[in-house]
Structure formats: C-alpha cells, structure tokens
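Observations on chain architecture
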Amino acid sequence: MSAEVVHNVESEVKAISEVETSGQRVAANALTYLLAQVVTWGVSILVVAVQPHLIGEAGLGQLRIANTVVGTVITFACLSLEQYLIAEVGRNKTETEQLLRASFGLRIALLPIMVDVIALGFYVMNVSQIVWMIGFIHILRVGIGFVGLPIRSVLAGWENAKLVAAIDFVPVVAPLFAFPFLFMGFGVIVVPLVDLAAVVLLYLWLARYMSRHLRIMPTFRFAEWRRLVHGGAPFLVNEMNAQLYDFVTVFLLKKFTDEAQVGVYSQAIKFQGTFLFVPVAIATAMLPSLARLADANRKEFKIMQQRTLVVMVATSLPVATMVFLLAHPVCHLLFGHKLLAGVPRVLQISALNMLPLYLSTVFYRFLVAERKNGVWSVFLTGTVVLNGVLCNYLIPMAHTRLHNASMGAAASSLIAECCTMVFALILLKMNPFNSDTLGSIVKTVLATAIMGAVIWKLRNVFVLVPATVGMGVFVVLAWKLKILGDEEQAKLTELVRRKLGRFLRRRG
C-alpha cells in the first residue's frame, strides 16, 4: 500500500472521528443547554406571572421602552464581536488570549460613545422621567456587560456549556430578588437596580475565573481591532436588523397608543421568548462544531441540517398548538381577567410564529458556519422594512377595530418571520419535504393533531391538566411513531442514561 493511500485512509478515518466527536459533543452540550433552558423557563414564567401585579402595565411598558433604546444602541456598539469570537475560538483555540484582550481594549475605547448615543436615544424618544432614571441604571449595567461579555463568548467557543448556561441564568433569576422590594412599595426602579447588582457580582467572578487561564489585560492595537471589526461586520448587520425590528415595533406602538399598550406587547413577547428554549439551546451548542464541520465534511453538514429541521418541526408544532389553545386560561390564571387583558389574543398570534422562529434561530447558525451570513443580512434588512410597513398599517387598524394594538404588532412579526423562514431554506438549498424528512413531518402533524384534540377536550379543567396530559400524549406518540428515527432515538436514550448515571453517582 502506497504512502499516499495510507495518508488518504488516515485522513478519512480522522475526518469520520471528528464528525462523530463533534456530533456527540453537540448532543451533550445541547442537552446541558436544554436542561438549563428548562430551569430558566420556569423562572421566567414566575417572573412573567408575578411582576405585572407589582408594577402594572405602565411599569412593564417603561421597562420595555428603556430596554429597547439601550438594547438598540448596545447591539450596534458591540459590533457583534461575540458571534465572531465564538466561531473563531471554536475553529482555533490558540488565538483565544489575543482575541479576548483585543476585544476588551476595543470595548473600553467605545464605551464613552455608547453612553452618549444611549442618552441621545432617550431624548429622541421623548421618554418620561421614570424611563430616564431606568435608562441611567441600564447604562451602568450594560457598560459592565459591554466590556465583559467577550468572556462568555470565549467559554462558548471552548464549548463549556455548563458555565455558559450558568452565566445566562443570572440575568433571568435577578428579577426574583427585586420582588421583596416591590412588595414593600419601592416602585419599578428597583428592578434595574437589582439587575445591576447581579451583573457586577457576575462579571467580577468571571474576570477572576478567566485570569486563571489567560492574561486578560486589554490591548489597544488598531490592527487587532480592525480584524475584530471586520470579522464581526456580517454578524452586526444581522443583529442590528433584529434589534431595529424590535425598536420600530415599540416606537410605533408608543406613537399610536401609550406605555400601557407597550406593556401588553412586552408581556406577550416575554411569553413567546420563554417557549424558544429548545432552538436557543440547540443553536448555542451547535455553532462551534458547525464552524469546524462546514470545512471538514460537507456531506455530514447537510445531514445535520436535515436532522435539525425534523427536530425543530417536532418541537415547535406541539408548543405552538399548546400555546394557542391554552393562551386564555393561562393568562387568566396568572393575571386575572382585567390586568393585561389583551395579552391572550396577542399570544395566540405569537403561537403561529413558533415554527418560523424555531427554524430561523437554528438555521442562522448553519449560515454562519457556511459564511453566508453576509447575504442573509441583506435579506433581513428587507424584513425589517417589511415589518415597519406592516406595523404602520396593522397597529392602528388593530387599535381601532380590535381595541388591541399589540395584535397588529404580533401579526406584522408573523408575516415578516414567515418570509425569513422561507428565505433561510432557499439560501441553505434545503427542501423541507424531501424523502428523508417528509415522513417525520407527517408523523409530527398527526401527533400534534391528536395532542390538540386532547387539550381541547380537557380545556375546561385546571390548565395544568390539559397541558401535562397533552404534552404526555405527544411525547408517547412521537416516540412510538419514531419521529426522530431509530438511530437518533437510540442516541438520545444513551445520552440521557449517561447523564442520569453521572447525576446519580454524584448524589450517591
């Protein structure tokens, strides 16, 4: 056997091993992120349920307006270095220290500009005095995160799923610590104050942790900054589009209605966000491995696309069905019949948006791995414009005819996200109804329909009963029908058994 043949065989074996290792790592990390997201979901639901009773619709609107202005500016000022760092560190870990230190230096240099632009944003929005106060505290909070956030990206690139999940959990749980102060009547201002305290403690700990592994003193070299800015540019357009999407919606809601209606929309979007834990977990786990896989094995990369499509359809359809059917009883249980009365109908429209959001969230990572996020950003700019045009028409129409302006905002988002989903499939050259996926999709639709019928039959019982029974019916049917396929179900079973075994051994 020639040396060339031996080399080719060794390369092929190495590539196969890399694919298997990446797949196992993605699955393990996805499960870690998923479990963390489930816990996060529970905390988020508690916050969504209790907070409106303590600060009211106007308070929710004030927080949303402040968050939107600050979020829009911070998204631009961040220059999307985080996504670039995750991908680059995932490809080549030897550059971690250089990239991290340069990121710190660039962020420190940009910090004063960011603060000034945020203040200008509040002035242009003509916000109330309380929003100015909330905004000032947000500036302190995001300033700390602005400089320190690259640490999280490095940990994600290292595929340290447990620590990344813990970092993401801190801002989710922080509002719980504001509840006692809200009960004592301190007002909405205490919410950002508690969040600020949590972020300070978090990043002090992260800095100390990272200093054990790398030098973290910032560097101020224009050549390194130029590389970071150039690398993050395609991501920046995408993230800015997403943020402008939200900014335009909130701006037009405030223009045509008031802060209370913004609060209704905000609460519905929070609900919607809590049900996106599956795609968020999978997307977070996949990006570092996808960046390697796209270069190493195109065939396996395409197979992973098809498998991911099936998983997203199999998880989004039952979630959407449950949210749509149980929106009214859940909201009435949490808020009563008077507070946030418009949320259930907005939530039902948002439920129809689950499939597009699930697919777009995950397939964006595939586009990043294939370095197609540049052309993707051009299309997203069009969807931002489309959403703005639709909001300008549908918000006042819904406000006048349905007495619920937020329904117009949700409908605008639904139309725009459907366009986004279709374009993502086109750009990835994916046929969602090929021979490998059609059977699984049909089985998912069947299982979802049966689940929906069960929930509808039990709709007058306490809401937890139809939710639990319905989801149990779907899980059993999905397993019996083998929606994920024999091989994937076997891998999932083994992964869960291994994780559970580790947990039990630790407990023992």
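Residues numbered from 1 in each chain as written. Predicted model: local features only at pLDDT ≥ 70, side-chain atom pairs only at ≥ 80, totals over all residues. Heavy atoms only, no water.

What to know about the overall build of the protein
For the record, the criterion: Here a strand is any run of E in DSSP of at least two residues, a helix any run of H or I of at least four, and the numbering for each starts at the N terminus. For this analysis, residues touch if any pair of their heavy atoms sits within 4.5 Å. Areas reported as accessible are Shrake-Rupley estimates using a 1.4 Å probe. Residue values count occlusion only from the protein chains shown.
What the protein contains, in helices and strands, is 18 helices and zero strands. For the protein, long-range pairs separated by at least 24 residues make up 85% of all intrachain contacts whose partners lie at least 6 apart in sequence. Accessible surface, the protein: about 23300 Å² in total, of which carbon and sulfur atoms supply 68%.

Regarding unusual backbone geometry
Spelled out, the test is: For every residue, the accessible area obtained with a 1.4 Å probe (protein chains only) is divided by the maximum for its type, and the residue is called buried under 20%, exposed over 50%, and partly exposed between those limits.
Even without being glycine, His403 reaches a positive phi, approximately 55°. With respect to the secondary-structure elements, His403 resides in the loop between helix H14 (373–401) and helix H15 (405–427). Looking at His403, the relative accessible area reads 65%, which means it is exposed. A positive phi is found at Lys482, a non-glycine position, where the angle reads about 55°. With respect to the secondary-structure elements, Lys482 resides in the loop between helix H17 (464–481) and helix H18 (486–507).

Some thoughts on the side chain of Thr249
In this structure, Thr249 sits in helix H8 (residues 222–256). Of the residues examined, Thr249 reaches a relative accessible area of 1% and is grouped as buried. If we skip the residues at most four places from it in the chain, Thr249 touches Tyr265, Asn387, Cys391, Ile395 and Ala409.

With respect to the nonpolar core
Selection rule: Think of a nonpolar core as a cluster: buried Ala, Val, Leu, Ile, Met, Phe, Trp, Tyr and Cys residues, connected wherever their side-chain atoms sit within 4.5 Å.
If you look at the biggest cluster of nonpolar residues, it comprises 106 residues, and the most contacted ones within it are Met114, Ile118, Phe122, Leu228, Phe271, Met354 and Phe363. No other element matches helix H1 (residues 3–78), which puts 16 residues into this core. Look past the residues within four positions of Phe271 in its chain and what remains in contact with it is Ile45, Val48, Val330, Cys331, Leu334, Phe335, Val343 and Leu347. Counting 17 residues, the second-largest nonpolar core is a separate cluster that includes Ile86, Phe104, Val154 and Ile167.

A closer look at the packing of helix H4 (residues 129–148) against helix H7 (residues 190–211)
Put simply, the rule is: Each axis is a line fitted through C-alpha atoms, taken for helices only over the stretch in contact, and angles between the N-to-C directions span 0 to 180 degrees. Note on angle classes: values under 35 degrees are labelled roughly parallel, values over 145 roughly antiparallel, values of 65 to 115 roughly perpendicular, and the remainder oblique. Two helices that cross are described as forming a left-handed crossing if the nearer one is turned anticlockwise from the farther one by less than a right angle, and a right-handed crossing if clockwise. When residues are grouped by polarity, Ala, Val, Leu, Ile, Met, Phe, Trp, Tyr, Cys and Pro land in nonpolar, Asp, Glu, Lys and Arg in charged, and all others, Gly among them, in polar.
Here H4 crosses H7 at 15°, and the two axes come no closer than 9 Å. If you check the angle between H4 and H7, you find them roughly parallel. Two packed elements cross with a definite hand, and for H4 against H7 that hand is left-handed. Packed against H4, whose contacting residues are Ile134, Ile137, His138, Leu140, Arg141, Ile144, Gly145 and Gly148, the element H7 presents Pro192, Leu193, Asp195, Leu196, Val199, Val200 and Tyr203 at the interface. Tallied by class, residues from the contact of H4 with H7 come to 10 nonpolar, three polar and two charged.

As for H15
To keep things clear, this is the line we draw: What a helix should span is 1.5 Å times the count of its residues minus one.
With 23 residues, H15 should cover 33 Å at 1.5 Å per step; its first-to-last C-alpha distance of 34 Å lies within 8% of that length. A positive phi of about 55° marks Lys429, the residue just after H15.

A few points about the packing of helix H12 (residues 343–351) against H15
Running from N to C, H12 and H15 point in directions that differ by 5°, and their axes come no closer than 9 Å. One finds that H12 runs roughly parallel with respect to H15. Side by side, H12 and H15 meet where Arg345, Val346, Ile349 and Ser350 of the first sit next to Ser406, Met407, Ala410, Ala411 and Leu414 of the second. Partitioning the contact of H12 with H15 into residue classes produces six nonpolar, two polar and one charged.

Observations regarding the pattern of salt bridges
Keep this limit in mind: Each reported salt bridge corresponds to a side-chain nitrogen of Lys or Arg within 4 Å of a carboxyl oxygen of Asp or Glu.
Applying the stated criterion to the full structure yields seven salt bridges. In this structure, Glu82 engages Arg107 in a salt bridge whose closest nitrogen and oxygen atoms are separated by 2.7 Å. Here Glu82, found in helix H2 (residues 81–91), pairs with Arg107, found in helix H3 (residues 96–125); they are 25 residues apart in sequence, far enough to count as distant. The exposure class of Glu82 is buried, given its relative accessible area of 11%.

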